[in-house]
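What follows is the residue order along each chain.
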Amino acid sequence: MRLEIKVDKAIPRLAWCVGLVRGQSVAVAHCGPWVESAGGGIVEGVWSGDFAAGRFDEAVTFWGTGARPVDDGILIAASTFTINPVFMVRTGDRLWVSNSLLRLLAHSGVRLDLAYPYYEIDLMTVMFGLSRYRRTIPTASGDAIHVRYATNLLVDRDLVVHERSKRVPGPMNDFDAYAGFLRDELTRVIANGADPARRRPMKPLATISTGYDSPACAVLAHGAGCREAITLTTARDAYVDRDDSGRRIAETLGLSVIEIDPYAGRATRPWSVEALFLAAGCGAGDIIFASALERLAGRVVVVGLHGDTTWAMKRRERVEDLRRGDPSFGSMNEARLEYGFAVVSPAAFGTARYDAIHRITVAPGMARWVLPGTDYNRPIPRRIVEEAGVDRAWFGQTKMAVSTPHAGTGSEYIPIANVFAPETVARFESFIAERAPHRQSWRRLKHRALWTIFRSYKIGWLLRRLAPAATADYILWKYSKPWATQQWLMPWAVAELIDQGTILKPR
């Protein structure tokens, strides 16, 4: 098949949407102005391979999305980690595929069901891993939207979708082999982003905190040629010591650093920027980066995502299946495409080899990088950072976190006025007052009844033993919080950005 590429400056910088018609040999790709052309296809993001060849789908490490023609169809690639999904919907004899839910809806004409309260719940099930996440979400017309992570998809001329597995890295037997793999992959990824053959080469930018994961990833980034970093200075309210600035770590590494207060300017943030984080459907916890978006534009942003799982001393379940502890960076997808940057985390490289990584973590030779008297230990990142010359007392001492998802981290929602700007709150409350979707008596009563039932530990325990694992995970997650208007924040944001004609245009 052939891919006809149409660049549209009205589309967000890195967004794309491919339309395929049953039986036709040409598919049309509608692309934002920063989407790259490579190997006869389209791509946004970076991978550990030659840029000009355009074989992003074959890379061991790919953080982005793309589409390219092959003899028997169009090959669609999602990231090798569970951010950067692809979305698909069928309308008659046409299949639409996009890296943006907003663009998929805008091009296909399909709309979300504003009566459905579980969109965010459904999309956040990506935390459960590739074998247990919800692969479809409903729409007003009944045409299901399909969501795919960490896979390749071959769409043939009959619009049949065939899934293809990603490549996995070779064996890693000790710390030197694993650290060498991380350095080599990140070096190739950053070189790919900087390739002069790109329409817009991308410079690396590290993020850094006082934890374990982002400092280790910043060390690796510096070794791959990165010379700049940003640090979010303040942890969220739950932590007594809220100073999370990684400035002195960055300066020790030789990185110039800019400090950003993640909570500054919230009162004056435009509702349309906040709606981008909500529209991605993973709790909007990444809104802490809202004030940094202009600095991230055109960058390969190196973060410490997934280190709490990959590098933990206690063995975790189903890491090879990309099970995660939270949906971090999932709510950044639409803002990332709008502003134009890639997100990369070395901590999530090569997780298909988790057994080997964990054996390295707990090997006797790593004991000197374990702090006595605490459970907060991750010897792999500690060794990476200390061997780069950073004082061990400067990082990885106490657990902190910055993101503040409106869904909260416990059994209750956070008041939206504590998270979003007054303009956003006012627009959402107007929507609720006008549409009143939360007043659906049958659904509300069902939710309240099941929420009451599944608050019982014993009933949850019984469900996990009687029901299939994916079903139990979903039910317990779905009814983990009480019925609340906040369940409509995502569909409101999508409707506001699309139906009101206020999708942001590239600057």
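Provided above is the structure to which this section pertains.
Described in the following lines is the structure provided in the data block. (Residues numbered from 1 in each chain as written. Predicted model: local features only at pLDDT ≥ 70, side-chain atom pairs only at ≥ 80, totals over all residues. Heavy atoms only, no water.)

## Let's talk about the sheet that holds strand 12 (residues 152–155)
Pairing between the strands of a sheet comes from backbone hydrogen bonds, and it takes one of two forms, parallel or antiparallel. Put simply, the rule is: Only strands joined by at least two bridges in the DSSP assignment are considered to pair. In this description a helix means any DSSP run of H or I spanning at least four residues, a strand means any run of E spanning at least two, and both kinds are numbered starting from the N terminus. Only the stretch in contact is used when fitting a helix axis, every axis being a line fitted to C-alpha atoms; angles between N-to-C directions are given from 0 to 180 degrees.
Read across the sheet, 6 strands follow the order 4-5-6-7-12-13 without closing on themselves; strand pairing throughout is antiparallel. One side of each edge strand has no neighbouring strand; the edge strands of this open sheet are strand 4 (36–38) and strand 13 (161–164). Put simply, the sheet's adjacent strands are angled 30° from each other on average, direction ignored. When strand 12 meets strand 13, the two strands line up antiparallel, connected through 4 bridges. Looking at the pairing, Leu-153 lines up with Glu-163 of strand 13.

## As for the packing of helix 1 (residues 101–108) against helix 16 (residues 489–498)
The criterion, for reference: For classification, angles of less than 35 degrees are called roughly parallel, those exceeding 145 degrees roughly antiparallel, those between 65 and 115 degrees roughly perpendicular, and all remaining angles oblique. For any pair of crossing helices, the crossing counts as left-handed if the nearer helix is rotated counterclockwise from the farther one by less than a right angle, and right-handed if it is rotated clockwise. By the convention used here, residues are in contact when the closest approach between their heavy atoms is within 4.5 Å. Each residue gets one label: Ala, Val, Leu, Ile, Met, Phe, Trp, Tyr, Cys and Pro are nonpolar, Asp, Glu, Lys and Arg are charged, and the others, such as Gly, are polar.
In contact at an axis separation of 11 Å, helix 1 and helix 16 are set at 55° when each is read in the N-to-C sense. What the angle tells us is that helix 1 and helix 16 run oblique. In this structure, helix 1 meets helix 16 at a crossing whose hand is right-handed. On helix 16, the residues touching Leu-101, Leu-102, Leu-105 and Ala-106 of helix 1 are Met-490, Val-494, Leu-497 and Ile-498. Residues belonging to the contact of helix 1 with helix 16 are distributed by class as follows: 8 nonpolar, no polar and no charged.

## Comments concerning the pairing of strand 8 (residues 86–91)
Here 3 bridges tie strand 8 to strand 11 (residues 145–148), and the two strands are oriented antiparallel to one another. Residue pairing across strands places Val-86 opposite Arg-148, the latter belonging to strand 11. Examined bridge by bridge, strand 8 and strand 9 (residues 94–98) share 5 bridges and lie antiparallel to one another. Paired with Met-88 across the bridge in strand 9 is Val-97. Between the antiparallel neighbours strand 8 and strand 9 lie 2 residues, among them Gly-92 with a positive phi of about 65°.

Structural measurements only, silent on function.
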